[in-house]
Amino acid sequence: MRIVAPLLAFFIAACAASPQQGSTAANPARAVDVRLPALPTAAPITQAEYAARRSALLDSIGDGVLVIFGAPSPAADYLPFVQLADFRYLTGIMEPSAAYIAVKNGARVNEHLFVLDRNPAREVWEGARLGPDGARARTGINAQSIQRFDAVLDSLVRTTTVLHSTIAPPIDRSLSSNHSHAQQILSRIREANPDLAINTVQNLIRNQRGLKSTAELDRIRRAVYISALAHREAMRSTRPGMNEFEIRALMEYTFRRYGAEGPAYGSIVGSGPNSTTLHYQASDRFMESGEVLLIDAAASYGGYAADVTRTFPVNGTFTPDQRAIYEIVLAAQRAAAALIREGATWGELSAAASTELANGLARLGLIDSPDATYEPVAGRTQPQVRLFYMHGLGHGVGLAVHDPDISQTRGSFAPGSAVTIEPGIYVRSDVFDYLPDTPANRAMIQRLRPAAERYRNIGVRIEDVYIFDGNGVERVSAAAPQEIDEIEALMREPGLDDASRRGDMVDWFRGNRGR
C-alpha cells in the first residue's frame, strides 16, 4: 500500500498546482510541476494518421512497387515478438508475418496488406488474430492472406523496373539461411528479375519518423512519466547492502504496473565501479555505503520509448567528491538544454556541454586544462576530456530508444522534436591502463593520477527527455529529481520495499553468485 500515497499525489491534476519556481533561471526549458499530470486515456493513433504516413512516403518515391516487411513469427510461440518499427509506423499492425505492398503509377496508388489467416487451432496457443477482414477494418487497406504474398509480389515486380523496400538485399546473392526472411525474398526476386532496380527507402522513413506528431509525443510523455515514477521509487528504496538486481526489479515492476510494455531497452543499474561502465548489464553487485548508483532505465509505452538516467548516493548523502562530479555534469546538461530553439544544432549543444565538462574536470585536476590533449594512439592527439566523457550528448526517442529526430534528419531543432540530453563523467579505475606508453602520456599520467585515484569509481550520468513543440521546450522527465537536495530529501522517505524485503533470501546470492 505504500505506493498508493505517492501515486495519488503524482496524479493530482496539474492545472491545480503551481509550477515549480527557482530552477527556471538555470534551465530555461518550460517549467514542469514535479507531480505527474492527470492525462486523459490515451487515444489510439488514428487510421487517418497511418494513411498520411504512407501517403507521404509514396509521394517521396518514384513509380514502382513498394514493399514493407513486418517481423516474422518467432521460432516458438512462447518467445517474445517485437514488430519492426518501420512496419508499425506505417500500418499499426502488431501481428507477426505481415507485409505491405503498394503499386505507384503517377498519382494512382494501389495498396495491399497481407496478414496471417484466422486459425482457431493456433489462436488457442497464440491469441486471436485479425485475419484479412480484421486487418482491412483496422487499416482501411485491402487485406488478404499472407499465403498470397509471394505470388502477388512476383506478379507485380514483372510489371515494373523499380522495387522500393525498407530492407536492402544482401550483397551475397545466395539464399543463405544467414539472411533474414525478407532478404531471402529479395534475393530470390533479384535472381528472377536481373534488370529490376531495388532501392531502399530507409532514409526517407527516417526523415518522416524524425518529426513527431501530437499522438507520438503523447505516448513519449506517458513513457517518460512512468519512468520518472520508477526512478523516484528507486531513490526511496535504495539502501546499502542491497543488490543491484533488487532495484532493477523494482524499476521494471513499476514500468509494467502502470501500463508500460516493459523496459524500452536493457536496464542499466550500476553501483560503485559499475557506474563507470556505460552499458553495464549484469545488475548483480551488492551496493555499499559511500558509492553512487547510476540507473539508466526507462519504459516503453504504446510502442514509444523513454530514456532517463539518474545517479545518486547509495546511502542517501552525496560525499563532497561525488557532489563535485555531479554538479559538473548537471551544469553541462543545463548549458546544452538552454540552447534548444528553432534552428539550433547538436553541434552547438555538444560544444556547450563539453565546455562545462572540460572546465569542471580541469578544476578537479582530472585533466590538465580545458583544452589539454593526450595520445590515444602514438602520434595522434585527442582532448583529455574524452578520457572521462566518451559518448555523444544525446539522441532522439520514439519507436526506438535511439530514434530519428528532426534535429538530426533536418540538421537543426524544430517543433516536433523529442530528444535526450545525457552528459556524463566516468572516472574508471583503469582509465590510464590502456594508453600507449609515450613520453607525453607518461608525464600526463603522473600529473593526473592523484585526482583519478581520489575520484575513482565515481560515474555520473544525468539524462532527461526534452520535447520541443508548439508550446516551447519541456523537460518531460522533471518528476525524477536531479537537484542534489531534492534527491537526498526523497531518499529519506520510506521505500516501497522496506517492510517486505527479504534480505536473508537476497543474501543467498553472496555465497554462490547465483551460479
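**Q** Is there a simple way to explain the pattern of salt bridges in this structure?
**A** Side-chain pairing between opposite charges can occur once the charged atoms of the two side chains come close. Scanning the model with the defined rule gives 37 salt bridges in all. A salt bridge links Glu 233 to Arg 236, with the nearest nitrogen and oxygen atoms 3.6 Å apart. Residue Glu 233 and its partner Arg 236 are located together in helix α9 (residues 214-237), separated by 3 residues, close to a single helical turn. In this pair, the class of Glu 233 matches that of Arg 236, namely buried. The salt bridge partner of Arg 442 is Asp 437, with a shortest N-O separation of 2.7 Å. On the basis of relative accessible area, Arg 442 is assigned to the partly exposed category, the value being 44%. Bridged by salt links that share partners, the residues Asp 77, Arg 122, Glu 126 and Arg 129 form one connected network.

**Q** What is the right way to look at the sheet that holds strand β8 (residues 268-271) in this model?
**A** Strands in a sheet are paired, the pairing made by backbone hydrogen bonds, and the direction either parallel or antiparallel. If you walk across this open sheet you meet the 3 strands as β8-β9-β12, and the pairing is antiparallel. Single-partner strands in this sheet number two, and they are β8 and β12 (309-313). In this sheet, adjacent strand axes meet at a mean angle of 10 degrees when their direction is disregarded. Pairing of strand β9 (residues 292-296) with β12, which is carried by 5 bridges, proceeds in the antiparallel orientation. Residue pairing across strands places Leu 294 opposite Thr 311, the latter belonging to β12. Against the sheet, α9 contacts β9 and β12, and its axis sits at roughly 10 degrees relative to β12. Strand contacts of helix α10 (residues 244-257): β8 and β9, with the helix running at about 150 degrees to β8, the strand carrying the most contacts.

**Q** Help me understand empty space enclosed by the protein in this model?
**A** Empty pockets left among the atoms are what a rolling probe the size of a water molecule brings to light. A complete count under the given rule lists 1 cavity of 30 Å³ or more for this structure. When its volume is computed, the largest cavity comes out at roughly 50 Å³. Lining the largest cavity we find Arg 428, Ser 429, Val 431, Phe 432, Asp 433, Arg 449, Ala 452, Glu 453 and Arg 456. A per-class count over the lining of the largest cavity returns 3 nonpolar, 1 polar and 5 charged.

**Q** Before we go on, may I ask you to explain helix α2 (residues 47-59) in this structure?
**A** Every α-helical turn comprises 3.6 residues, leaving residues that sit three or four positions apart pointing alike. Taking 1.5 Å per residue as the helical rise, α2 with its 13 residues ought to reach 18 Å, and the 18 Å between its terminal C-alpha atoms agrees with that figure. Those residues of α2 lying buried are Glu 49, Tyr 50, Arg 53, Arg 54, Leu 57 and Leu 58.

About the criteria used
- Residues numbered from 1 in each chain as written.
- Predicted model: local features only at pLDDT ≥ 70, side-chain atom pairs only at ≥ 80, totals over all residues.
- Heavy atoms only, no water.
- Salt bridge = Lys/Arg side-chain N within 4 Å of Asp/Glu carboxyl O.
- Helix = DSSP H or I, 4+ residues; strand = E, 2+ residues; numbered from the N terminus.
- Buried < 20%, exposed > 50% of the residue type's maximum accessible area, 1.4 Å probe, protein only.
- Pairing = 2+ DSSP bridges.
- Axes fitted to C-alpha atoms, helices over the stretch in contact; angles between N-to-C directions.
- Contact = heavy atoms within 4.5 Å.
- 1 Å grid on protein atoms, 1.4 Å probe; cavity = no way out; pocket = protein on both sides within 12 Å on 5 of 7 lines; lining within 4 Å.
- Points joined across faces, edges and corners; volume = space filled by probe spheres on them.
- Nonpolar A, V, L, I, M, F, W, Y, C, P; charged D, E, K, R; others polar.
- Expected span 1.5 Å × (residues − 1).

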